[in-house]
Amino acid sequence: MNLTIGIAGTAKNTGKTTTTSAILNELYNIKVPLGLTSIGYDGEEIDNITGLPKPRLFVKENTILAIAGKCLKGGSAEYEILETTDISTPLGNINIVRVVKEGLAVIAGPNKGTQLKYVKDMMINDLGCKIILVDGALNRIAPMTETDGIIIATGAARNTNIDILVKETEALYELLNLPKVSEDKLKFFLHADKIALFSKALDGEIKFLKYGSLIDFGTVEEIVDAIENVQAIFIPALISERVLKQLNDRLNQLWSNKTLIIRDSIKLIAGGDPQNLLKEIKRIKENGGKVKTLQSLPLLAITLNPFYPKYRFDKNSYEPGYIDREELLKQMQNAMEIPVIDIKQEGATRLLETVLNHSRIKS
Amino acid sequence: MKKKKVLLAPLDPVHDIGLKMIKRGLEQKGHDTLLMPPDHSQEEIIKSIIDNKVDVVLISRTLGYGVAEILGKFIDLAEAAGIRDKVKIGIGGMAIRPELAAELGFDAGFGPGTTVEEAVAFVEGREYKPLEAGISREKKDITAAYDYSFRNKRIEKLLDNIVDGILDYTSDKTTTAILRAEIRRQIIDSTDESEKEKLRREYAKYCDDVVKSFYEAGKYREKTRPLTSDEVKALGKYVDDVNSRLNPLTLQHIDKNPVVFIQYGTGCPFMDIAHIKSCEAWGANGVIHFDPSWGARTEGFLEGYITHEEDGSIITYENLKSIKESLAPYTLWQVRAHRGLNTPETVVLAGKIGADLTKINIAYGSLSGGTDPERLTVDAVAAIKYAAEFGMPFDVVTNEELSGVPAFKAFAGMLIVSKLGLRLGGKPILQPLFCYSPEVMISGQMEDNYIDFNAAKIYCLRNIINAPIWCGAPIGFLTQTEDRVQSSLMTALHASLASSLGVDAISIASSDEAFSKGPITAPSRIDTLRATQASFRFFGHSDITPTENAKKWAEEMEEGIEKVLESVVENGNFVDALYQGLLGSREDGAYPGRAGRNTVLRKS
Amino acid sequence: MPDILEKVMDAVDVETYLVCKNEEEAERFSIELMEKLGFQDISIVFIQHQGPGARVRVRGYIYKPGDKYSWLFDQSN
């Protein structure tokens with residue numbers, strides 16, 4: 001068994017790197033063969049925006065990394081280059097390396113899903129990694145479809161209002177935990193790369209539309225025109241919040257007994273604001289419809305950081321600020337049935353247990 | 001190469017001129033382009049990518065606010081829409097850096113200063129090689145295009161006659177400077193420290209007391225001191241640091257624009273290097289070593305890393321070497337040997353250390369440079385031979401104009417030394433002054449404009465010989481004031497005049513040229529480089545048209561030169577002609593120098 | 001109060017050359033320099049970084065249009 005875990009942050013200073021570091025340390029303790037990459041570039045010593053120091057990842061010997069050429073000399077760790085791939089990034093081609101001397105590393109891995117898959121497969125199949133951590137990049141979520149589950153780091157740096165923060169995180173949780181299409185029905189959808197309208201019988205007539213994504217109003221009209229005889233709508237690619245809302249406005253009760261099937265939740269989350277998207281998903285359900293995904297990408301845990309960089313107008317600089325930690329943890333935990341952890345206070349032990357339970361690997 | 005379909009899309013409420021320029025660049029290379037209007041939603045851009053089946057997308061984002069969120073989202077949309085693997089996506093804008101582009105998942109990021117060519121290279125999937133590092137960043141041999149044939153055969157004949165006389169006159173003579181040059185060469189070539197010591201003792205015998213006391217008792221001249229090893233080490237590191245981030249600007253706008261030299265000589269080799277690196281960064285093509293005036297009147301050179309508190313940087317092997325090592329590989333380097341008592345040794349040092357050019361002129365050095373005519377004539381013949389041996393072209397400067405010698409007389413001297421250079425296998429470069437010289441202040445040829453008389457000089461020289469021309473030194477001399485704007489403008493206009501006249505090289509001043517109360521500064525150097533660049537840009541291939549006076553004065557000058565040369569031939573001895581004032585008289589303001597008088601030795 | 005800065009019509013420009021690694025550093029140094037010199041309303045007018053350093057022109061405004069100009073009231077002008 002192997003497991004690929006994505007770690008995403010909702011904003012700078014929400015503790016994504018702290019979370020990754022803590023998980024790394026736990027994994028080093030239990031000595032699991034480990035791979036580490038990131039979506040893009042992360043690991044600046046100083047946070048570019050706020051000017052506050054930012055921890056970088058400390059990697060130990062034998063860890064396998066995917067790392068762009070220009071970042072090889074960016075930390076104190078030393079590497080043996082196992083392969084220089086054809087994957088090019090603005091910071092040079094991606095190298096697969098093994099850490100030969102422990103130290104701090106600047107991780108900049110491939111930033112496309114397909115490339116992440118290539119790196120991941122290589123780490124697992126050729127280099128024997130059991131766990132692969134994928135460090136997220138701010139504002140990027142799409143490549144996370146290649147992971148088996150994600151951990152989201154959020155906190156006061158995202159929003160200092162606890163209610164808003166909880167609602168927003170809850171929306172992500174709901175969206176990421178949409179029910180899966182049953183295994184026997186998967187075959188009908190896997191190979192469609194355009195929006196497909198399935199008639200009453202799934203193996204019956206299928207109408208394919210022009211686009212794979214729901215991003216324009218023309219497509220909405222086509223769906224509305226054909227809806228009479230449709231049992232399921234499959235959207236293999238992106239779903240835009242704006243256009244989904246348009247579709248809902250047009251269909252309303254026509255959703256009754258119909259199923260919207262999406263490839264994975266990321267195709268939804270990439271298309272808009274999670275809360276608004278959730279609202280649209282709920283509208284479909286309220287009208288008697290269902291929403292399912294082909295591929296599940298569960299939200300495994302939430303890590304919280306009550307810290308935020310507080311802007312001081314008088315000094316024209318940032319200083320540390322905090323929101324009520326207990327309240328934040330309590331409200332967040334009440335809203336979701338997954339572990340909610342203050343990673344700085346608590347460490348990653350419980351987090352890792354949850355993760356390992358999920359994959360059923362125990363060292 | 002396959003034709004690419006490129007979508008250019010601004011993620012801004014307004015259109016980015018950069019995208020339009022890139023669009024034009026791509027179309028010139030035969031690619032299909034589509035420019036989206038501004039203010040479209042990200043979904044609309046994604047849809048357009050799908051509809052048009054484009055290969056490459058170039059996004060521009062000028063505004064810095066929220067840039068990471070918006071751009072990250074765009075890449076997520078592209079990936080979720082399933083097109084990320086099919087199209088290359090680049091991002092450009094003021095707030096963009098490669099690190100940010102990487103973080104946001106773009107294939108390339110183009111920040112401020114990106115060229116159209118860079119974006120085209122990205123589209124075509126080529127590695128971008130900046131132009132600066134290629135074509136225009138090669139060292140240019142400004143003599144390459146010239147065969148030195150004479151158009152004025154009468155003048156050529158007169159010159160040959162004079163040169164015969166010079167070679168005959170100097171054939172049985174030598175000087176301590178020539179002896180020192182040979183010993184210096186042996187010191188440099190020797191690897192044996194005890195042999196070097198022996199040679200140094202011998203060297204010291206041919207030096208002035210002040211230099212002797214350095215070699216014998218380790219004494220430094222006043223206002224000079226050795227640099228510490230800490231300073232030398234720190235310099236090495238500084239230069240390495242700077243070189244690692246040096247990506248120089250290009251001054252020239254068109255091929256015809258001349259090579260641009262700057263003079264350095266702050267006194268301290270380290271400050272020189274700091275200035276040189278700055279000038280390189282702002283596009284100077286060459287640098288000229290400017291030594292202190294007392295160096296010209298002292299027999300012998302010192303050794304070691306030595307700094308100096310006044311104008312001019314001391315010539316020692318180590319000083320020159322550290323300057324040479326700090327230069328970018330494409331920077332032309334000239335070490336002047338044109339006057340003074342160490343001319344042959346200067347050329348040996350320059351040649352051994354790898355200078356590209358030197359500077360030799362008997363007439364200027366002996367009439368305005370303070371060196372005895374006979375002494376300098378003998379030294380110069382040896383120096384020119386070294387220059388030829390080391391393959392260093394040398395310019396023949398005519399700064400005696402600044403003492404009041406009229407241009408035609410100064411040119412006569414310049415042509416004699418040039419012909420001498422050619423005879424000895426050297427490659428002379430004519431260096432007329434582009435200045436407001438005392439001659440015209442009196443005779444009024446610049447009352448109306450600064451163009452005609454300078455143009456006349458170039459026309460005149462072109463009528464005589466097919467040789468490279470390097471306007472000096474610095475151009476615009478005596479037209480500049482202490483104000484940086486006026487000063488830079490004067491330099492830039494003279495640079496464009498030189499370019500319009502098709503000359504090969506120019507030496508430019510800093511905007512501190514007219515300031516004499518202290519050392520010149522780095523910003524003042526950048527001022528004139530920027531001004532010159534702007535002026536080249538302004539004129540392009542268009543020319544400055546002199547009035548009819550230019551041609552008329554050129555003819556007068558040519559006649560004047562011929563008359564001067566005739567008088568020298570008539571006199572029968574070039575050295576005597578210098579004493580007699582035929583190439584610049586006391587009335588003109590030229591005085592035969594006294595340094596080194598009666599020091600010429602018979603060859604043993 | 002004979003503050004010489006009141007004689008400045010509008011602003012003081014500092015023209016210099018800063019040894020630094022990149023433009024961001026040059027910007028930071030420029031502001032720092034002006035703050036050190038005691039200017040409060042600081043603008044970077046021109047900055048160009050190349051290799052060894054940056055050519056900068058930094059401005060400290062003394063008066064902006066609409067301010068009350070001391071030199072207007074100074075009869076010794």
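Since we're looking at a predicted model, the values are computed, not measured.

Caption draft 1: View of the overall build of chain A. When helices and strands are counted, chain A shows 11 helices and 20 strands. When the 363 residues of chain A are sorted by exposure, 58% land in the buried category. The contacts of chain A with a sequence gap of at least 6 include a subset with a gap of at least 24, amounting to 75%. When the accessible surface of chain A is summed, it comes to about 15,200 Å², and 47% of that surface belongs to carbon and sulfur atoms.

Caption draft 2: Structural detail: the packing of helix 6 (residues 153-170) of chain B against helix 17 (residues 407-423) of chain B. Residues and elements named next belong to chain B. Between helix 6 and helix 17, the shortest axis-to-axis distance is 9 Å and the interhelical angle comes to 70 degrees. It follows that helix 6 is roughly perpendicular to helix 17 by the angle criterion. Of the two possible hands of crossing, helix 6 and helix 17 adopt the one that is right-handed. Residues Glu156, Leu159, Asp160, Ile162, Val163, Asp164, Ile166 and Leu167 of helix 6 touch helix 17, and the partners they reach there are Leu415, Ile416, Lys419, Leu420 and Arg423. When the residues that make up the contact of helix 6 with helix 17 are grouped by side-chain class, the tally is eight nonpolar, no polar and five charged.

Caption draft 3: Main features of the interface of chain C and chain B. Each side of the interface is counted separately: chain C has 16 residues, and chain B has 18 residues. For the chain C and chain B pair, buried surface summed over both sides reaches about 1,300 Å², with 55% attributable to carbon and sulfur atoms. Per-residue buried area on chain C facing chain B is highest for Gln50, Pro52 and Arg55 of chain C; these three make up 41% of the total on that side. Between aspartate 527 of chain B and arginine 55 of chain C there is a salt bridge, and its shortest N-O distance comes to 2.9 Å. Applying the counting criterion to the chain C and chain B interface returns eight residue pairs in polar contact (both at pLDDT 80 or more). Going through the elements one at a time, strand 1 (11-19), strand 2 (41-50) and strand 3 (53-61) of chain C are the ones with two or more residues in the side of chain C that touches chain B. Looking at the side of chain C that touches chain B residue by residue, the classes come out as six nonpolar, six polar and four charged.

Caption draft 4: Highlighting the pattern of salt bridges. Residue and element names in this part refer to chain B. Taken as a whole and judged by the stated rule, the model has 64 salt bridges over all chains. A salt bridge links arginine 484 to aspartate 527, with the nearest nitrogen and oxygen atoms 2.9 Å apart. Here arginine 484, found in helix 20 (residues 484-500), pairs with aspartate 527, found in helix 21 (residues 522-539); they are 43 residues apart in sequence, far enough to count as distant. Owing to a relative accessible area of 32%, arginine 484 belongs among the partly exposed residues under this scheme.

Caption draft 5: Region of interest: helix 9 (residues 325-335) of chain A. Residue and element names in this part refer to chain A. Restricting attention to buried positions, one finds in helix 9 the residues Leu328, Leu329 and Met332. Buried positions in helix 9, seen along its axis, are confined to an arc of 95 degrees and lie on one side of it. Turned more than 90 degrees away from the buried face of helix 9 sit Glu326 and Asn334, all of them exposed. Along its buried surface, helix 9 packs onto strand 11 (149-155), helix 3 (162-176), strand 17 (299-305) and strand 20 (340-342). Measuring from the backbone nitrogen of glutamate 326 back to the side-chain oxygen at the start of helix 9 gives 3.2 Å, which picks out aspartate 324 as the cap.

Caption draft 6: Highlighting the packing of aromatic side chains. All names here are of chain B. Enumeration according to the criterion identifies 15 aromatic pairs over all chains in this entry. Between the aromatic rings of tyrosine 436 and tyrosine 450, the centroid separation amounts to 5.3 Å while the plane-to-plane angle is 70 degrees, which identifies the pairing as edge-to-face. Here tyrosine 450 lies in the loop between helix 18 (438-443) and helix 19 (452-464) and tyrosine 436 lies in the loop between strand 15 (433-435) and helix 18, a separation of 14 residues in the sequence. Sitting over the ring of tyrosine 203, arginine 184 keeps its end group 4.4 Å from the ring centre. Its end group placed over the ring of tyrosine 459, lysine 551 keeps NZ or CZ at 5.1 Å from the ring centre.

Caption draft 7: Structural detail: a nonpolar patch on the surface. Residues Met441, Ile442 and Leu478 of chain B make up a contiguous nonpolar surface patch of roughly 330 Å² in combined accessible area. Of note, leucine 478 of chain B is situated in the loop between strand 16 (470-477) and helix 20.

Caption draft 8: Broad picture of the interface of chain B and chain A. Residue-level contacts link 28 residues of chain B with 31 residues of chain A. For the pair chain B and chain A, the two sides together bury roughly 2,500 Å², of which 55% comes from carbon and sulfur. Summed over the shared surface of chain B and chain A, the number is five salt bridges. One salt bridge in this structure joins arginine 140 of chain A and glutamate 79 of chain B, with 3.2 Å as the shortest N-O distance. Taken together, the connections running from chain B to chain A amount to 13 residue pairs in polar contact (both at pLDDT 80 or more). Secondary structure elements with two or more residues in the side of chain B that touches chain A: helix 2 (42-52), helix 3 (67-80) and helix 4 (98-104) of chain B.

Caption draft 9: Spatial organisation of the sheet that holds strand 7 (residues 92-101) of chain A. Residues and elements named next belong to chain A. Spatially, the nine strands line up as an open sheet ordered 6-7-5-2-10-1-11-17-20, and their pairing is mixed. Bordering the open sheet on either side are strand 6 (78-89) and strand 20, each of which pairs with just one other strand. Geometrically, the sheet is characterised by an average inter-axis angle of 25 degrees between neighbouring strands, direction not taken into account. Each of strand 1 (3-9), strand 2 (34-38), strand 5 (64-68), strand 6, strand 7 and strand 10 (131-135) is contacted by helix 2 (residues 113-126), which is oriented at about 150 degrees to strand 6, the strand it contacts most. Across the sheet, helix 9 is in contact with strand 11, strand 17 and strand 20; its angle to strand 20 comes to roughly 165 degrees.

Caption draft 10: Structural view of the side chain of asparagine 152 of chain B. All names here are of chain B. Here asparagine 152 is to be found in the loop between helix 5 (116-124) and helix 6. By relative accessible area, which is 5% here, asparagine 152 ends up buried. Contact partners of asparagine 152, with chain neighbours within four places excluded, come to Asn463, Ile464, Glu558 and Glu562.

Caption draft 11: Representation of the confidence of the model for chain A within the structure. Confidence in the prediction of chain A, expressed as mean pLDDT, is 87, and 92% of residues score 70 or more. A low-confidence stretch, residues 45-55 of chain A (pLDDT under 50), is modelled with 23 contacts involving residues beyond four sequence positions or located in other chains.

Caption draft 12: Broad picture of the side chain of glutamine 445 of chain B. Residues and elements named next belong to chain B. Following the sequence through the fold, glutamine 445 ends up in the loop between helix 18 and helix 19. Judged by its relative accessible area of 16%, glutamine 445 is buried. For glutamine 445, the side chain forms a polar contact with the side chain of serine 443, separated by 2.2 Å. Not counting residues within four places of it along the chain, the set of residues in contact with glutamine 445 comprises Glu439, Val440, Phe453 and Trp553.

Caption draft 13: Region of interest: the pairing of strand 17 (residues 505-508) of chain B. All names here are of chain B. Because side chains alternate across strand 17, one face comprises the buried residues Ala505 and Ser507, and the other comprises Ile506 and Ile508, equally buried. As paired strands, strand 8 (residues 259-264) and strand 17 are joined by four bridges and run parallel to one another. Residue pairing for strand 17: phenylalanine 261 is matched across the bridge by serine 507. Where strand 16 lies against strand 17, two bridges are found, and the strand directions are parallel. What sits directly across from tryptophan 470, in strand 17, is alanine 505. In this fold, the crossover linking strand 16 to strand 17 by way of helix 20 has right-handed handedness.

Rules used throughout
Along every chain, residues carry numbers that run from 1 in the direction the sequence is written. Working convention: letters from A go to chains and numbers from 1 go to ligands, in the order in which they are written. With the structure being a predicted model, the display of local features is reserved for residues of pLDDT at least 70 and the display and counting of side-chain atom pairs for 80 or more, all residues being used for whole-chain, interface and lining totals. The side-chain quantities take in all heavy atoms of the structure and omit both hydrogens and water. A run of H or I in DSSP becomes a helix once it reaches four residues, and a run of E becomes a strand once it reaches two; helices and strands are each numbered from the N terminus. Think of it in three bands: residues with accessible area under 20% of the maximum for their type are buried, residues over 50% are exposed, and the middle band is partly exposed, with areas taken using a 1.4 Å probe on protein chains only. Contact definition: two residues touch when any of their heavy atoms are within 4.5 Å. Each accessible area value is a Shrake-Rupley result obtained with a 1.4 Å probe; residue values ignore everything except the protein chains displayed when judging cover. For helices, the fitted axis covers only the stretch in contact; all axes are lines through C-alpha atoms, and the angles between them, taken along N-to-C directions, range from 0 to 180 degrees. We call two directions roughly parallel when the angle between them is under 35 degrees, roughly antiparallel when it is over 145, roughly perpendicular when it lies between 65 and 115, and oblique otherwise. Should the near helix be turned anticlockwise from the far one by less than a right angle, the crossing is termed left-handed; should it be turned clockwise, right-handed. In this classification, the charged set is Asp, Glu, Lys and Arg, the nonpolar set is Ala, Val, Leu, Ile, Met, Phe, Trp, Tyr, Cys and Pro, and all remaining amino acids, among them Gly, are polar. Here the quantity called buried area is the total loss of accessible area, with a 1.4 Å probe, experienced by two parts when brought into contact, counted for both. Whenever a carboxyl oxygen of Asp or Glu lies within 4 Å of a side-chain nitrogen of Lys or Arg, that contact is scored as a salt bridge. Pairs of N or O atoms within 3.5 Å make up the polar contacts considered here, provided that, within protein, one atom can donate a hydrogen while the other can accept it, and that residues adjacent in sequence are counted only when both atoms are side-chain atoms. The arc in question is formed by the directions pointing from the helix axis toward the C-beta atoms. To pair, rings of Phe, Tyr and Trp, with the six-membered ring standing in for Trp, must have centres within 6.5 Å; the planes then decide the type, stacked if under 30 degrees apart, edge-to-face if over 60, and tilted in the middle. Sitting over a ring, as applied to charges here, requires NZ of Lys or CZ of Arg to be within 6 Å of the ring centre and within 35 degrees of the ring normal. Note that patches include only residues with greater than 30% relative accessible area and no salt bridge, and the join distances are 9 Å for like charges and 5 Å for nonpolar side chains (Val, Leu, Ile, Met, Phe, Trp, Tyr). Should DSSP find at least two bridges between two strands, the strands are regarded as paired. Each residue carries a pLDDT value, the predictor's own confidence for that position, ranging from 0 to 100. By convention, orient the strands away from the viewer: a clockwise path from the first strand over the helix to the second makes the crossover right-handed.

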